[in-house]
Amino acid sequence: MKKLILVCLIAILALSLLNANAIATLAAYKGKLSIQRGSSQLKYKNGELLMNKDLLKTGDESFAAYKYADASTTVKMFANSIATLSASKNGKQLDKSVDIKQGKVHSSIQKGKGSFQVITPTTVASVKGTEFFTQVEDNGRSTFVVSDGEVEVRILATDEVARVGKGKTAIISPSGELLLRDTMSGDLSQIEEAELEAEGSAEPRKIRIPMLDEFGNLKYIEISY
Amino acid sequence: MKKYLFVLIALISLNAWAAISSMHIPPESFNPKQDLELKLEILQGGESLKRITLQYRQVPDENWLSSPLREEEPGIFFGYIPRGVLSGEAVQYRFEFETDSGANEYLPDSRSLTPYYHLALMGKTGTQSSAFIRLNDEDRISTDDDYLLVVSFLEIADELDLRSLKVFVGGREVTNKAEISGGTLLYRDENPIAGIAKAYITAKQNGRDIHSETWITEILPGTKSRIPLHYSGSINMAANAYSPSDKTLSFGDTHNDFATWSELYGSYGWLQLSSNLYFSSLEESNKQPVNRYNIGLKMPVLEVIAGDYSPTLSDYSLNGRNIRGLHAKLDTKHLRLHWTHGESVRKTLAKEDALGIIGNDSSFKQEAIGAKLSIGEEDGFSLNIIASRHRDLKSSLDPKYYLLDSRFRDGEAEAEDPAAEITQYKLNAVDAAVAAVDLRINVPEQDVLMGVEVAGSLFNKNTLPGAFSEDTLEDYGINLPISPSDIADIFVINQNLEPFGLSASNLAWKVYVRSYMLNNMISVDYQEVGNSFTSLGSFAPLQDARILSVADQFHLGRYFLLSGSYNLTKDNLMGFNEISNRFQAIQAQAILRIPKMPQLKAAFNLDGAQNKKNTELDDFDFKPYKADRKSLNIGMGYNIIQIPYVPTQIDLGYRFGDDYRKEIRDSTAYTMLSENKHNGLNISMINRFKILPLKTYLSYNNGEVKNLMGETSKKNSRIYLKAEYSLFNEILKPYLSISNSSLSGDQDTQNYNTIALGLTAYPIKNMNVNADYILQSYKNKTNSITDYDNSTLRLLLSQRF
């Protein structure tokens, strides 16, 4: 009987672990995007619900954006980026994080709806209501460009903590050295380039607006955008 | 908006043109989580009722689904619109009365400006919660895109009863198509329809009703052509098995029966397909057909139906009678053509035994053809020309069945009597044709519809001798521009025409007006029908009569309703009869419904008849009579929600009236032939328990009929109890009911006892199953040899999709 109870408890625990709840939704994507859930590739469409530990990978000239379930945080991944999203409930709030292995990611966060962390190979950046850009290079160098609000970065190698405010850029080398300076135009141009690359070659969408001509015949105006 | 006026009002039934008087008070709205119960009370004319069907549809569907009403108590019928259909924002319904004569009547009347009841959703119940947050923010998309609704309710996910969560998009519940995970919901429509899509969510949070805001998305036409496929319908089955102790004594039908019927509707782009099938074990080749089937195809301007169909060309030609054949409608804005051809009635065919003796008289198969040409717009002025013809097919019957011939006399072949010059018939084949012209003016913006129809008929009571020859025409001194033999395929002209020659007696005409003004729904009809006017394709009113019908329905919001009708029929229009009869019927109903106050209702019926001598004819022995019947029903209803744990709805009613028939000797003296008074009381109570999923129903009726001349009094009383319990969140609802009716007074003391045990189940989505086991017993204390028992097993299964 005790063995049976133990087996049941383990089964319940296993089931609860398998019972993943959605933490975000795929808001937009373009080009090559793969979503890995566990060991399998997920078939997805716009709006797809994303679960804890889903891994997103964008290819060349590709883009993906997702929004967390508490509607407070939108994350945009640009070309050739790899990120794993996570979240856990903390009372009525959602504590969120994104683990960036490589690539460029832009985060937009609203205050007061749970914490948000960006994790790179060298750094953990905690955000409390802000907008900033993160880039992780192949060699592990992480760059944080803050356009609004404040980001607190903790360097994993040295446990050093620094606050990066609006208009500041923090660069952490693979060895854990921190460089904090004002944001330069070159830093911004990277962001702009990434945005343009994401949006520039997006497939045009079309709508047709019905109208009546002078003879009362039904015609359509087609608009591409 | 006026078209949906019934949303705001509880309308009292009124059938100005019908023989059945009924009362139905629609609910103010409906709750999509519960079956919608509808109560219908038959006040008068219930003897001619065969069946009552509830037809319903979810707005904006155009196709009706149907389910039969159940008579819980004498004259009281209950029907249910299943909650699966109530997932939209509005529902429409109507009642169909099938009478013994074959005519179908509708409530509301099918000819009124709003021929159905329209109910809106109770509205989002509870409070609006800001915890529902839409995560995707497209306000405008095209039909090329998927319609997405991604909503987060993370903040209240732990407090929400997920089973209560419902998603509504475009007026329909789409919860079963939504993906819900944790505190997030995703609904996707890959084939959105252009227009405005409104979406919202309802749920229970800690037992309290909450709802989201309404999210609006504009869906514009895209560039890709998509052909959406839609289908809907229902499949139903009903069976009754009876076990009477003595079939000769048992009341009502005791033949086991089984029926299955289906309604299927589908659309693919502009193409629509429909099919209605009805099969019953009561079908017998020697009787009127019970089975029905048809399949229809509808395109933008053309509709074709094969099978059973009741075309409506005009009131006097083809109207409401079933024709099994082919029907086609060509419908354009300014021109419409309707054509129908088939078999109208299949009558009994006699069977010959081994000795050649014919048991029963026979009848012919009847062919029906009808056509209608409409010129003009339906929402405007239109001219309609209609023609129809019914013909008994001589070829459908062996001559020995209709010829009264000596060769077939006494079942043995005899030599033909050479002295017999006149061929006699024991059965006649008829031809009947109607031609009509109908002018209509319809102004929907002004809520006015008026028209006039003039029709003439030709009737040949025996076409078996064939058409006149040229010689015969000369003998009769008749000159016709065409030869009767040339048109014999269309209509047979011979000496059996009734009347012989065209006159006013062949004609019928009517004028009508329907209008809605100043909260009044008014309709006025006047018609005159000649004594020889014959229409086999419609349920034409009395021949040789003039009929006036006036009806009005007045309302003040949803608080006060008053409706009334007056019908006057006078026969002997042509003045050939010695006696003229005059019939009048007055109906009035009123309801007063003030919020939080008792509801008051009243219904008055008066039927009168009188005869009159035709003074233009020679004097004869005439006995004038007068007959009258009137009754008044008054009632009060109140929903006592203040009773803790058991909200109770109480209805009280009292009815009284009298009828008499007297022979009038002069202006002051008369001889009473019969005189009766009746009165009755009814009390009913419905309790809906809150702490238990239990509903009980109790009713008590008593009545008395006094014969004032015979000084006798007959009394009756009835008590009815029903308890219904819900299990597994209303998936199973067993019930038990008991009733006892007793008759006493100046009649045999009799008792009818009924015990019924039943179950209503909703095993899967959109399916409901009803099973009942009923035990009945009849005891006559004065004449016990008439006692009998009966048990009935009933099963009804319905699946909608």
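These numbers were taken from a predicted model, which means no experiment stands behind them. (Residues numbered from 1 in each chain as written. Chains lettered and ligands numbered in written order. Predicted model: local features only at pLDDT ≥ 70, side-chain atom pairs only at ≥ 80, totals over all residues.)

This brings us to the overall build of chain B. Per the secondary structure count, chain B includes two helices and 49 strands. In chain B, which comprises 801 residues, the proportion classed as buried is 25%. (Helix = DSSP H or I, 4+ residues; strand = E, 2+ residues; numbered from the N terminus. Buried ≥ 20, exposed ≤ 12 C-beta atoms within 10 Å, placed from the backbone.)

A count of helical and extended segments in chain A gives two helices and 19 strands. In chain A, 42% of the contacts between residues at least 6 apart in sequence involve partners at least 24 apart. (Contact = placed C-beta atoms within 7 Å.)

Here we come to the interface of chain B and chain A. In this assembly, 22 residues from chain B lie in contact with 22 residues from chain A. Mapped onto the side of chain B that touches chain A, the elements with two or more residues apiece are strand E14 (147-152), strand E17 (179-181) and strand E18 (184-189) of chain B. A class-by-class count of the residues in the side of chain B that touches chain A yields eight nonpolar, nine polar and five charged. (Nonpolar A, V, L, I, M, F, W, Y, C, P; charged D, E, K, R; others polar.)

If you look at the biggest cluster of nonpolar residues, it comprises 69 residues, and the most contacted ones within it are Ile23(A), Leu50(A) and Phe144(A). For this core, the element with the highest residue contribution is strand E1 (residues 22-30) of chain A, accounting for six residues. In terms of nonpolar packing, the next biggest core, distinct from the first, is built from 28 residues, Phe364(B), Tyr402(B), Val430(B) and Val492(B) among them. (Core = buried A, V, L, I, M, F, W, Y, C linked by C-beta atoms within 7 Å.)

Turning our eyes to something else, we now look at the sheet that holds strand E12 (residues 133-134) of chain B. Residue and element names in this part refer to chain B. Spatial strand order, E12-E14-E18-E17: four strands in an open sheet with antiparallel pairing. Looking at the sheet topology across the chains shown, the edges are occupied by E12 and E17. Here six bridges tie E14 to E18, and the two strands are oriented antiparallel to one another. The residue of E18 that forms the bridge with Ser152 is Thr184. (Pairing = 2+ DSSP bridges.)

This part is about unusual backbone geometry. Cis rather than trans, the peptide bond between Leu107(B) and Pro108(B) has omega equal to -5°. Its location among the elements puts Pro108(B) in the loop between strand E9 (104-107) and strand E10 (117-121). With a phi close to 45°, Glu61(A) is a non-glycine residue in the positive phi region. Along the chain, the position of Glu61(A) falls in the loop between strand E5 (55-58) and strand E6 (63-68).

All names here are of chain B. In spatial order, the strands read E1-E3-E7-E6; together these four strands make up an open sheet with antiparallel pairing. Among the strands making up the open sheet, the edge pair consists of strand E1 (21-23) and strand E6 (70-73). Averaged over all adjacent pairs, the angle separating strand axes in this sheet is 35°, with direction ignored. Two elements, E1 and strand E3 (residues 36-44), share three bridges in a ladder whose sense is antiparallel. Bridge pairing in E3 places Met23 opposite Glu41. (Axes fitted to C-alpha atoms, helices over the stretch in contact; angles between N-to-C directions.)

Residues and elements named next belong to chain B. Of all residues in chain B, 88% attain a pLDDT of 70 or more, and the chain-wide mean is 82. Low pLDDT (under 50) marks residues 1-18, which in the prediction has 56 contacts with non-local residues, meaning those over four places away or in another chain. For this predicted complex, the interface confidence comes out at an ipTM of 0.80, alongside a pTM of 0.67. (pLDDT = per-residue confidence, 0-100.)

A separate point is the environment of Gln610(B). Residue and element names in this part refer to chain B. With respect to the element layout, Gln610 can be found in strand E40 (residues 599-613). On the neighbour-count criterion, Gln610 (16 C-beta atoms within 10 Å) is partly exposed. Remark: the alpha-carbon pair of Gln610 and Glu663, spanning 53 residues in sequence, is separated by 9.9 Å. Setting aside anything within four residues of it in sequence, one finds Gln610 in contact with Arg582 and Lys626.

A few words now on the environment of Leu330(B). Residues and elements named next belong to chain B. Checked against the element boundaries, Leu330 lands in strand E27 (residues 323-331). Given 15 C-beta atoms within a 10 Å radius, Leu330 is considered partly exposed. Counting along the chain gives 30 residues from Leu330 to Pro300, while the straight-line C-alpha distance between them is 9.2 Å. With near-sequence residues (within four places) excluded, Leu330 lies in contact with Val301, Leu302, Arg336 and Leu337.

As a general feature of sheets, a regular strand has side chains that alternate between the two faces. Residues and elements named next belong to chain B. Sheet topology note: the strand E22 (residues 229-244)/strand E49 (residues 788-800) ladder contains 11 bridges and is antiparallel. The residue of E49 that forms the bridge with Ala238 is Leu796. Across 12 bridges, the pairing between strand E48 (residues 767-780) and E49 is antiparallel. Pairing of Tyr778 across the sheet is with Tyr788, part of E49.

Here we come to the confidence of the model for chain A. With 73% of its residues at a pLDDT of 70 or more, chain A has an overall mean of 80. In this model residues 11-19 of chain A is a low-confidence stretch, pLDDT under 50, and it forms zero contacts with partners more than four residues away in sequence or in other chains.

Residue and element names in this part refer to chain A. Pairing analysis gives six bridges linking strand E12 (residues 131-136) to strand E13 (residues 142-148), with the strands arranged antiparallel. What sits directly across from Gln135, in E13, is Thr143. Hairpin connection, E12 to E13: the antiparallel pair is bridged by five residues, and Gly140 has positive phi, about 100°. One ladder, built from four bridges, connects E13 with strand E16 (residues 168-172); its direction is antiparallel. Considered in E16, the bridge of Thr143 is made with Ile171.

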